[in-house]
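# Structural features, examined
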Amino acid sequence: MAEGATRTHRPPVLDPGLSLGWDDGPLDGLSCLLRCVESALRAEGFDNLEIAQALAVPLDLRGDRRKSSWFRHGRLDWRNAVDGHEHWDEFTALVASGTPCVLMPDRYYWPGDEFEGVKHFLDHMVLAVAYDGEVLEALDTDAPPADGYRRRIPVTPDVIRGCCRFATVHFTPPRDDAAALRATLLEPTAVALAEDLPALRAVARRWRRDGLTGPAARALHVVVLGAVQPSLFLTAMAVEQAYPALAAELLTASRAAQKLGRTLIGAHRWAGALADDTSVYAPVLGVFEACEAALARLNDELHTQLGLPASPPDPTRDDEGVWRRILRNQAWCYADQVAPADQHRDEQVVGEQRDEERQR
Amino acid sequence: MADADSTLDQLVALLLRRQGNPVDSIGPDDQLLDLAVDSIDMAYLMSHFERQYDADFADEDFELSRYVTVGDLAKAIDARING
């Protein structure tokens, strides 16, 4: 919920005409999670620049520099359980009282999902906006546009069980000037990108050598579409007025990341849910390399335009950081260990959770 | 290098292998939208041919709206591959 100025509240919607960057589809620029948060913030009266500045975070390919679920101007407060019954009363009380909640369902229990009854897979988020005791209503980037990206889900014990992760949204309307944008967004992005490019190249080397399996490819698309593309896109939107030339470079890199993510999702359709056939993903390597090149160009432009010194080679650098992030995502999204079908909540501990793993 | 028939054959084989493909056979006159091909599929299909033939397609080549039939798409791919 917004803290500070009095604002006009409206019902949350997913509307391409209002949304940031939504041209061909909801994943243009933002992830499903960020579309949910965007909708919640717009409902609280944030305008598009405020939303961009609220949600923009420095690019962090390694994914371990930022406190989980914290943004520069707010946070998501997550409640996690293996069994959604544990917090169902709190969840529905919030939603029924008009507090939209980001919901990350276990797709094993989610009606109509391709993974329903098949696999515990947690990589998608919706915004729960209404509950009447029998039906849960959610905004969903995967729902039919003709229905206003809205699903009405009859509540069953399985649906309750699958509502195992949800978050409330807490942001303050931002007041970023050029100096603040430079200090909190652009310079940290430049520093981190210079540090992480060798680790990105190490992923490409590994891919060329060993190939990429389906689970790793899914984890990579979660990183790319959930964190990399949104970070680049939102930073571009946030600094567009103060740093237009850099905003253009950020958008170019964002589009390269989006192309990589979309191509990976396309490849999944040829691979199947659990494919170990690395040949399916081989055609995507070229797209990965193009994205890597775009990020290298962005790194050069950031350092040049901001007048930052080039980083000297670091002999102790971590070349496995990006790959480790992919492996973390793989473990988090293929969540058998998180949500076993035949066990209850107290038998498992939900592991460390990171923002990018919640942001497809 | 590939000839047009070969490109068409490869494209048809790829489309038939896609999960959720709604038909048993595909011909050059079949419409892409009837086969439920979307922009995500296009991203993978075009990247497949880029990789296979070490080609470099333009961004607009990936736009589904430029093609109506499977044959249209095969011809466009072939033109890029063979210059």
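Here, the structure is the one placed above.
In this text the structure is predicted, and so the values were computed from the model without any measurement.

### Things to note about the overall build of chain B
Counting its regular elements, chain B contains three helices and zero strands. In chain B, the succession of α and β elements from N to C terminus is α-α-α. A compact globule built from 83 residues would reach a C-alpha radius of gyration of about 12 Å, and chain B, at 12 Å, matches this within 12%. Viewed in the frame of its principal axes, chain B has a C-alpha envelope of about 30 × 25 × 20 Å. For chain B, the proportion of its 83 residues judged to be buried stands at 48%. When contacts within chain B are restricted to residue pairs at least 6 apart in sequence, long-range pairs at least 24 apart make up 60% of them. Here chain B has roughly 4,300 Å² of accessible surface; of this, 44% comes from carbon and sulfur atoms. Averaging the locations of the 6 positively and 18 negatively charged side chains of chain B gives two centres separated by 3 Å.

### As for the overall build of chain A
Counting its regular elements, chain A contains nine helices and six strands. Buried positions account for 58% of the 360 residues belonging to chain A. For chain A, long-range pairs separated by at least 24 residues make up 75% of all intrachain contacts whose partners lie at least 6 apart in sequence. Accessible surface computed for chain A: about 14,100 Å², of which carbon and sulfur atoms make up 51%.

### Quick look at the packing of aromatic side chains
All names here are of chain A. The full count for this structure, using the stated rule, is nine aromatic pairs over all chains. Arranged with centres 5.6 Å apart and planes meeting at 85°, the rings of Trp-88 and Tyr-131 form a pair that is edge-to-face. Taken as a pair, Trp-88 in helix α3 (residues 88–96) and Tyr-131 in strand β3 (residues 126–131) lie far apart in primary sequence, 43 residues in all. Taking 5.0 Å as the distance between ring centres and 50° as the angle between the ring planes, the aromatic pair formed by Phe-91 and Phe-166 counts as tilted.

### Overview of helix α2 (residues 39–53) of chain B
Residues and elements named next belong to chain B. For α2, which comprises 15 residues, the first-to-last C-alpha distance of 21 Å matches the rise-based estimate of 21 Å (1.5 Å per residue) to within 8%. The buried count for α2 comes to 12 of 15 residues, which makes it a mostly enclosed element. Of all the residues in α2, the buried ones are Ile-40, Asp-41, Met-42, Ala-43, Tyr-44, Leu-45, Met-46, Ser-47, His-48, Phe-49, Glu-50 and Tyr-53. N-capping of α2 is provided by Asp-38, with a side-chain oxygen placed 3.1 Å from the backbone N of Ile-40.

### Describing the pattern of salt bridges
Residues and elements named next belong to chain A. Evaluation of the coordinates by the stated rule reveals 25 salt bridges over all chains. Glu-137 serves as the salt-bridge partner of Arg-152, at 3.4 Å between the closest nitrogen and oxygen. Of this pair, Arg-152 sits in strand β5 (residues 150–154) while Glu-137 sits in strand β4 (residues 135–139), and the two are 15 residues apart along the sequence. Taking the shortest distance from any N to any O, the salt bridge between Arg-201 and Glu-292 comes out at 3.9 Å. One end of the pair, Arg-201, is in helix α5 (residues 178–210); the other, Glu-292, is in helix α8 (residues 285–306), and 91 residues separate them in sequence. When its relative accessible area of 35% is taken as the criterion, Arg-201 is described as partly exposed. By relative accessible area, Glu-292 is classed as buried at 13%. Through salt bridges that share partners, Asp-60, Arg-62, Asp-64, Arg-65, Glu-195 and Asp-196 make up one connected network.

### A few points about the sheet that holds strand β6 (residues 165–171) of chain A
Residue and element names in this part refer to chain A. Here six strands make up an open sheet; going across it, the order is β1-β6-β2-β3-β4-β5 and the pairing antiparallel. Each edge of the open sheet is held by one strand with a lone partner, namely β1 (74–80) and β5. On average, each strand axis in the sheet is tilted by 35° relative to the strand beside it, whichever way the strands run. Relative to β5, β4 runs antiparallel, the two sharing five bridges. Across the sheet, the residue bridging to Ala-138 is Arg-151, located in β5. Each of β1, β2 (101–104), β3, β4 and β6 is contacted by helix α1 (residues 32–43), which is oriented at about 45° to β6, the strand it contacts most.

### Quick notes on the nonpolar core
All names here are of chain A. Grouped together as the largest cluster of nonpolar side chains are 118 residues, with contacts concentrated most on Val-102, Phe-171 and Leu-295. Take this core: its biggest share by element is 15 residues, from helix α6 (residues 214–239). Formed by 16 residues, the second largest nonpolar core is a distinct cluster that contains Leu-103, Ala-128, Leu-136 and Val-159.

### Quick notes on the packing of α5 of chain A against α6 of chain A
Between two packed helices, both the angle of their axes relative to each other and the distance between the axes serve to describe the pair. All names here are of chain A. Axis separation between α5 and α6 bottoms out at 12 Å; the angle between their running directions is 150°. Relative to α6, the element α5 lies roughly antiparallel. Between α5 and α6 lies a crossing of left-handed hand. In contact with Leu-181, Leu-185, Leu-186 and Trp-207 of α5, α6 contributes Leu-220, Thr-235, Ala-238 and Val-239. Here the contact of α5 with α6 is built from residues that sort into seven nonpolar, one polar and no charged.

### Section: the interface of chain B and chain A
With 16 residues of chain B at the interface, the matching set in chain A holds 19 residues. Interface area for chain B against chain A, summed over the two sides, is near 1,500 Å², with a carbon-plus-sulfur share of 58%. For chain B, the biggest contributors to the area lost against chain A are Ile-40, Tyr-44 and Arg-51 of chain B; these three give 47% of the whole. Here chain B is connected to chain A by two salt bridges. As a salt-bridge pair, Arg-269 of chain A and Asp-41 of chain B come within 2.8 Å of each other at their nearest N and O atoms. Applying the counting criterion to the chain B and chain A interface returns seven residue pairs in polar contact (both at pLDDT 80 or more). Residue assignment for the side of chain B that touches chain A shows that the elements contributing at least two residues are α1 (4–17) and α2 of chain B. The element contributing the most residues to the side of chain B that touches chain A is α2 of chain B, with nine residues. Taken together, the residues that form the side of chain B that touches chain A break down as six nonpolar, four polar and six charged.

Parameters and conventions
- Residues numbered from 1 in each chain as written.
- Chains lettered and ligands numbered in written order.
- Predicted model: local features only at pLDDT ≥ 70, side-chain atom pairs only at ≥ 80, totals over all residues.
- Heavy atoms only, no water.
- Helix = DSSP H or I, 4+ residues; strand = E, 2+ residues; numbered from the N terminus.
- Rg over C-alpha atoms; globule rule 2.2 N^0.38 Å.
- Buried < 20%, exposed > 50% of the residue type's maximum accessible area, 1.4 Å probe, protein only.
- Contact = heavy atoms within 4.5 Å.
- Areas by Shrake-Rupley, 256 points an atom, 1.4 Å probe, with all protein chains shown as cover.
- Lys, Arg positive; Asp, Glu negative; His and termini not counted.
- Charge placed at Lys NZ, Arg CZ, Asp CG, Glu CD.
- Phe/Tyr/Trp six-rings, centres within 6.5 Å; stacked < 30°, edge-to-face > 60°.
- Expected span 1.5 Å × (residues − 1).
- Polar contact = N/O pair within 3.5 Å; in protein donor to acceptor, adjacent residues only side chain to side chain.
- Salt bridge = Lys/Arg side-chain N within 4 Å of Asp/Glu carboxyl O.
- Pairing = 2+ DSSP bridges.
- Axes fitted to C-alpha atoms, helices over the stretch in contact; angles between N-to-C directions.
- Core = buried A, V, L, I, M, F, W, Y, C linked by side-chain atoms within 4.5 Å.
- Parallel < 35°, antiparallel > 145°, perpendicular 65-115°, else oblique.
- Left-handed = near helix turned anticlockwise from the far one by under 90°.
- Nonpolar A, V, L, I, M, F, W, Y, C, P; charged D, E, K, R; others polar.
- Buried area = accessible area lost by both parts, 1.4 Å probe.

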